[in-house]
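Residue-level listing of the chains:
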Amino acid sequence: TQYTAEINAFSTTKADELEQFRIKFLGTKGIIKDIFDEFKAVSPEEKRTLGKVLNEFKQLAEAKYQSLKEEGGQAQGGKDAGMDLTLPGEGFEVGARHPLALVRREIVEIFNKLGFIVAEGPEIEDDWHNFSALNFPEEHPARDMQDTFFIKKGGEKGDIALRTHTSSVQVRMMEHGKPPFRALMPGRVYRNEAISARAHCFFHQIEGLYVDEKVSFADLKQTLFYFVQELYGEGTKVRFRPSYFPFTEPSAEMDISCTICKGDGCQLCKYSGWVEILGCGMVDPNVLENCGIDSKKYSGFAFGMGIERIANLKYEIKDLRLFSENDTRFLSQFKSAL
Ligand code: PHE
């Protein structure tokens, strides 16, 4: 009865005081538990009357607790009581752009500013567009520079294969249009190579083509220099080394000062301070003629780079395979770069 009075008198709706109440009466070490423990010891006759009283007492305490709790809840705004509406929301999971898509877009945006448009073409190509029009002679070892996946031998325009570079898109563009051309050709290309951290059987390229009257090697150098400053930051150095491609003459490979060690020497640049990022050159007059363009009137330059390589230098990715494994632990790291 002493407790009954206390319970009845209890009227706070404050959460902490209510919790004290719950512990005191209903808790695992509470009064009710104690009484029920003592109850086990009494005689069977007594149990019948006492049991009823005890049960009523327990119900009283529980009912009181429940009603006060609800009341307290309502006072603070209904069933959502205790919710702090000023807390930030939980948010929901969004995906991330693929690093190659990020880099591709960045490169395209830089060249857009110079007036380059984007051109695309098929990944399954014929020999003419992938090799012959680009001045790769029939049975010439230069074709072995790019290990090819063949699909079908001997078609109308030669063997059908997976394109080994997006230079094929340059041919398609020149065949079907009139100069001037100023375009980028991004896309997936395939080469029959063993898969490792440094090579894959497919990768992504961006090639560029500029054909007009009086285009010179100086235009090529200035364009690529501008590109590198935009992509890797001002002060990035470039150097050109003579090279060979069947479709350009003269041809060069372009290095940039290592983006990681800034020229001091590291694993990435093999302690040389330089890393190669692209091939380039003046479009060979034979290629222009193959595509029906007057090589006396027009000249042009072309360049080609692997997007993976550009991304590796930007994000310090050491294994090419990460790009195609779709491991979310890798991909989700690019979330902030929407
Ligand atoms: N097509 C060349 C390659 O895949 C790259 C390149 C393009 C080089 C244009 C020079 C000019 O290796």
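For the structure, check the block above.
Basis of the calculations
Residues numbered from 1 in each chain as written. Predicted model: local features only at pLDDT ≥ 70, side-chain atom pairs only at ≥ 80, totals over all residues. Heavy atoms only, no water. Core = buried A, V, L, I, M, F, W, Y, C linked by side-chain atoms within 4.5 Å. Buried < 20%, exposed > 50% of the residue type's maximum accessible area, 1.4 Å probe, protein only. Helix = DSSP H or I, 4+ residues; strand = E, 2+ residues; numbered from the N terminus. Contact = heavy atoms within 4.5 Å. Near = heavy atom within 4 Å. Polar contact = N/O pair within 3.5 Å; in protein donor to acceptor, adjacent residues only side chain to side chain. Areas by Shrake-Rupley, 256 points an atom, 1.4 Å probe, with all protein chains shown as cover. Axes fitted to C-alpha atoms, helices over the stretch in contact; angles between N-to-C directions. Parallel < 35°, antiparallel > 145°, perpendicular 65-115°, else oblique. Left-handed = near helix turned anticlockwise from the far one by under 90°. Nonpolar A, V, L, I, M, F, W, Y, C, P; charged D, E, K, R; others polar. Salt bridge = Lys/Arg side-chain N within 4 Å of Asp/Glu carboxyl O.

Caption draft 1: Fine view of the nonpolar core. Judged by nonpolar contacts, the single largest core of 43 residues is most densely connected at Ile107, Phe111, Phe227, Leu278, Phe303 and Met305. When residues of this core are traced back to their parent elements, those giving at least two are helix H5 (99-112), strand E6 (202-212), helix H8 (217-232), strand E8 (248-257), strand E9 (274-283), strand E10 (299-306), helix H10 (307-315) and helix H12 (328-331). Considering each element in turn, this core owes the most residues, seven residues, to H5. Here Ile107 is in contact with Leu184, Ile206, Phe227, Leu231, Met305 and Ile310, once residues within four sequence places are set aside. By size, the runner-up hydrophobic cluster in this structure holds 23 residues, among which are Phe131, Val169, Met173 and Tyr298.

Caption draft 2: Summary view of the site of the ligand. Taken together, 14 residues lie near the ligand, and His165, Ser167, Arg191, Gln205 and Glu207 sit nearest. Within the side chain of His165, an N or O atom sits 3.1 Å from a nitrogen atom of the ligand. One nitrogen or oxygen atom from the side chain of Arg191 is found 2.8 Å from an oxygen atom belonging to the ligand. Taking 330 Å² as the accessible area of the ligand by itself, protein coverage stands at 92%.

Caption draft 3: Main features of the packing of H5 against H8. Taken N-terminus to C-terminus, the directions of H5 and H8 make an angle of 130°; their axes are 10 Å apart at the nearest point. Viewed along their axes, H5 and H8 adopt a mutual orientation that is oblique. H8 is crossed by H5, and the crossing has right-handed handedness. The segment H5 lies against H8, with Glu106, Ile107, Ile110 and Phe111 engaging Thr223, Leu224, Tyr226, Phe227, Glu230 and Leu231. Among the residues forming the contact of H5 with H8, the class breakdown is seven nonpolar, one polar and two charged.

Caption draft 4: How the structure looks around unusual backbone geometry. Cis rather than trans, the peptide bond between Pro179 and Pro180 has omega equal to 5°. Each neighbour pair has its own omega, and for Glu249 with Pro250 the value is -5°, a cis peptide bond. Within the secondary structure layout, Pro250 lies in strand E8. Despite not being glycine, Asn135 has its phi angle at roughly 75°, a positive value. Among the structural elements, Asn135 can be located in the loop between helix H6 (127-130) and strand E3 (150-152). Assessed through its relative accessible area of 22%, Asn135 is described here as partly exposed. Positive phi values are uncommon outside glycine, yet Lys270 reaches one of about 50°.

Caption draft 5: A look at the pattern of salt bridges. Per the stated rule, a full pass over the model turns up 15 salt bridges. Salt-bridge contacts for Glu56 lead to Lys52; the nearest nitrogen and oxygen are separated by 3.8 Å. Of this pair, Glu56 and Lys52 both sit in helix H4 (residues 44-75), four residues apart, which is roughly one turn of the helix. On the accessibility criterion, Glu56 (46% relative accessible area) is partly exposed. On the accessibility criterion, Lys52 (57% relative accessible area) is exposed. The shortest N-O distance in the salt bridge between Arg321 and Asp319 comes to 2.9 Å. For Arg321, a relative accessible area of 29% corresponds to the partly exposed category. Sharing partners across several salt bridges, the network here consists of Arg239, Arg241, Glu253, Asp255 and Glu276.

Any functional reading would require information beyond the geometric quantities listed.
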